[in-house]
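# Understanding the architecture of this molecule
Here is what each chain is made of, one letter per residue.
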Amino acid sequence: MSKLYIGIDPGANGGIASYDGKELHTIKCPSGGKAMAHSVRTVVNSFELDGGAKSRILVTFERVHAFPHDARSSAFKFGKNYGMWHGIIGALRLNYCEVTPQKWQAYYIHEKMEKKERKKYLKSIAQEQFPDTKVTLAICDAILIAKFAYDEELVAQHSNE
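To start, this report covers the structure provided alongside it. Treat the numbers as computed from the prediction; the structure is a model and nothing was measured.

### Some points on unusual backbone geometry
- If you check the backbone angles, Arg93 has positive phi at about 55° while not being a glycine.
- Tracing the chain through its elements places Arg93 in the loop between helix H2 (72-91) and strand S5 (95-99).
- Residue class for Arg93 comes out exposed when judged on its relative accessible area of 72%.

Encoded structure:
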């Protein structure tokens, strides 16, 4: 039975990616709670129509927080978006976990990089791994978070055998 991995980059400029080990689907972060909920419901419904069970979906969020130098209004908007994603996933009763940016990025990057260079590099990795997808900065992190969750679970399964 297949499993679906959904990666969420919760920022307003983030995105959602779903990956089952074969197919990748992406959505740039919709604006507003209703559109965000609709995007996740669409992914879940599609998986269920293909015979997948909701219990076989794992949502992985990037665990993020505001920084002291962030403006108050942008920090508030960021937190609001983050909270909406959690509410949507909770209301849909989906299994989820959180991963820090440091952890999932360390899976792909093995040296220290400045933010701009790191973003470009991560985008290039996502494009290499999914050449049939037009990877943008908006969906890049979500793609790699979903792929990270998929790979990490496979590693865990094989280490238990």
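### Description of the side chain of Asp9
- Position of Asp9 among the secondary structure elements: in strand S1 (residues 4-9).
- Buried charged residue Asp9 carries no salt bridge. Nearest counter-charge: Lys119, at 5.1 Å.
- Those residues in contact with Asp9 that sit more than four places away from it in its chain are Gly14, Gly15, Glu62, Ala138, Asp141 and Ala142.

### Some words on the pattern of salt bridges
- Taken as a whole and assessed by the stated rule, the structure comprises 3 salt bridges.
- Glu153 is paired through a salt bridge with Lys3; the nearest N and O atoms lie 2.8 Å apart. Separated by 150 residues along the polypeptide, Glu153 in helix H5 (residues 137-159) and Lys3 in the segment before S1 bring together distant segments of the chain.
- Of the charged contacts in the structure, one is a salt bridge between Lys119 and Asp141, with a shortest N-O distance of 2.9 Å. Placement of the pair is Lys119 in helix H4 (residues 115-129) and Asp141 in helix H5, with a sequence separation of 22 residues.
- For Lys119, a relative accessible area of 25% gives the class partly exposed.
- Given the relative accessible area of 4%, Asp141 is considered buried.

### A closer look at the side chain of Ser18
- Inspection of the secondary structure puts Ser18 in strand S2 (residues 15-19).
- Overall, the relative accessible area of 4% leaves Ser18 in the buried class.
- Contacts of Ser18, omitting those with residues within four sequence positions, involve Leu4, Tyr5, Ile6, Glu23, Leu24, His25 and Val43.

What counts, and at which threshold
Residues numbered from 1 in each chain as written. Predicted model: local features only at pLDDT ≥ 70, side-chain atom pairs only at ≥ 80, totals over all residues. Heavy atoms only, no water. Helix = DSSP H or I, 4+ residues; strand = E, 2+ residues; numbered from the N terminus. Buried < 20%, exposed > 50% of the residue type's maximum accessible area, 1.4 Å probe, protein only. Lys, Arg positive; Asp, Glu negative; His and termini not counted. Salt bridge = Lys/Arg side-chain N within 4 Å of Asp/Glu carboxyl O. Contact = heavy atoms within 4.5 Å.

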